[in-house]
Amino acid sequence: RPGWACALLHYDELIPAELCRPGAPGAGPAEPLPLAPGWKRSRRELLQCLEGLLRALLTGAPLPGPAQPGWERFLRCCRREGLLEAAPGDGGAPARPLCLLLDDNFYYQSMRYEVYRLARKYSLGFCQLFLDCPLECCLQRNRLRSDPVPEQTIHLMARKIEMPDPKKNAWEQHSLILKSSDCISEENEQIIDLLATALQNPARPNEEDTEQKDTDRAICAASAVHQADQACRRVISQAMKDARDKNVLPSDMKSLAEELNKLKAEFLEDLRQGEALKTQNSDPATSIVSSFQHEATNVVNKYILK
């Protein structure tokens, strides 16, 4: 209605479907989708394609070619959405505002922060529309899909999803949370206002050396993950000893070890994804280990009380 050009970039279409199926190469037979290495790599490649498109639209730079992983799939989507026609032949920004809608779960704040960094780098508007949907409603909708995702993936995302928190993160200030269990057509004006506000207040590149700070945070994050991994291994070792002392059956011991190691992988992934957004005064590794120890005790008790 405001006369903007709009284009939808649907992640389910842009990320190879085979990576979304259990047992697929790169997805890993025993890992839920959010932890699959092939799936995460595809997300990084998609962002690289998006940055290549932004450079072309804003500066007239040449588009990435087939050497960029995932580009052909991304290119087909861009052509269908009319994105390449939005750039004048001599380069430069489109004649009218362009709204790119990135449609994905974006359940970690760090996933959304990567998009914000792109907006900041190119002085673009950035906003977030968070659809708050009850777990049971998500499960019901999933069962009606022609190709439903494993329900364990939805349960996992429901536990991990991080809502926008503008009080904690200034970069999330342009966010709108809507209940999505019902039709949201009556909220259209709020959505238009959100987009207009983001357009009028583009993110600005920081004058300080943000890249060096990001590098420093990454080093700290790697160190924290290593420390947490070692501590969680000790927790698992003690938990297995406790289970043996309580005469848990050998056949159950194997299942217990698998469950504890899977739980450890989930907790460490939480630490990897969220560490860059933590303040330096907090100790996320200690918090993760404490939470893991609590969950591990619950798992062991389940086998002891069988």
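Residues numbered from 1 in each chain as written. Predicted model: local features only at pLDDT ≥ 70, side-chain atom pairs only at ≥ 80, totals over all residues. Heavy atoms only, no water.

Under an unreviewed UniProt entry, the name given to the protein chain is PSTK kinase, and the organism recorded is Piprites chloris.

### Remarks on the overall build of the protein chain
Rules: Segments assigned H or I by DSSP are reported as helices when at least four residues long, segments assigned E as strands when at least two residues long, and all are numbered from the N terminus. Pairs of residues are marked as contacts when any of their non-hydrogen atoms sit within 4.5 Å. All accessible-area figures derive from a Shrake-Rupley calculation using a 1.4 Å probe, and residue coverage is judged against the displayed protein chains alone.
Along its length, the protein chain carries 10 helices and four strands. The order of helices and strands in the protein chain, counted from the N terminus, is β-α-α-α-β-α-β-α-α-β-α-α-α-α. In the protein chain, of all internal contacts separated by at least 6 residues, the share reaching a separation of at least 24 is 73%. Summed over its atoms, the accessible surface of the protein chain is roughly 17,600 Å², and 51% of this surface lies on carbon and sulfur atoms.

### A few points about the nonpolar core
The condition is simple: We define a nonpolar core as any set of buried Ala, Val, Leu, Ile, Met, Phe, Trp, Tyr and Cys residues linked to one another through side-chain atoms lying within 4.5 Å. Exposure is judged per residue with a 1.4 Å probe applied to protein chains only, and the accessible area is read against the type maximum: over 50% gives exposed, under 20% gives buried, and values in between give partly exposed.
Judged by nonpolar contacts, the single largest core of 33 residues is most densely connected at L9, L50 and F74. Where this core is concerned, the elements lending two or more residues are β1 (5-10), α1 (11-14), α2 (37-59), α3 (71-80) and α4 (109-121). Ranked by residue count, the leading element in this core is α2, at eight residues. Ignoring anything within four residues of it in the chain, the contact list for L50 reads L9, F74, L100, L102 and L118. In this structure, V248, M253, L263 and F267 belong to the second largest nonpolar core, which totals 26 residues.

### Here's the deal with helix α5 (residues 135-143)
Buried residues of α5: C137, L139 and N142, and no others. Where α5 is buried, its residues meet α6 (151-160).

### Remarks on the packing of α2 against α3
Just so we agree on the cut-off: Here an axis means a line fitted to C-alpha atoms, over the contact stretch when the element is a helix, while the angle between two N-to-C directions is reported on a 0 to 180 degree scale. To sort the angles, those under 35 degrees are grouped as roughly parallel, those over 145 as roughly antiparallel, those from 65 to 115 as roughly perpendicular, and the leftovers as oblique. Should the near helix be turned counterclockwise from the far one by less than a right angle, the crossing is left-handed, whereas a clockwise turn marks it as right-handed. In this classification, Asp, Glu, Lys and Arg are treated as charged, Ala, Val, Leu, Ile, Met, Phe, Trp, Tyr, Cys and Pro as nonpolar, and every other residue, Gly included, as polar.
As a packed pair, α2 and α3 sit with axes 10 Å apart at the nearest point and diverge in direction by 50 degrees. One element, α2, and the other, α3, form an angle in the oblique class. When you trace α2 past α3, the crossing you get is right-handed. Residues L46, C49, L50 and L53 of α2 lie in contact with α3, whose contacting residues are W71, F74 and C78. A class-by-class count of the residues in the contact of α2 with α3 yields seven nonpolar, no polar and no charged.

### Some points on helix α10 (residues 284-304)
Under the convention used in this document: Any helix carries an expected span of 1.5 Å times its number of residues minus one. It is the directions from the helix axis to the C-beta atoms that the arc portrays.
Along its 21 residues, α10 runs 30 Å from first to last C-alpha, staying within 8% of the 30 Å computed at 1.5 Å per residue. Among all positions of α10, only P284, A285, I288, V289, F292, A296, V299, V300 and Y303 are buried. Each buried residue of α10 sits inside an arc of 125 degrees when the element is viewed along its axis, so together they form one side.

### Things to note about the packing of α5 against α6
Here α5 crosses α6 at 155 degrees, and the two axes come no closer than 10 Å. The angle between α5 and α6 places the two elements in the roughly antiparallel class. For the crossing formed where α5 meets α6, the hand is right-handed. When α5 is examined against α6, the residues L135, C138, L139, N142 and R143 are found in contact with a partner set consisting of E151, I154, H155 and A158. Tallied by class, residues from the contact of α5 with α6 come to five nonpolar, two polar and two charged.

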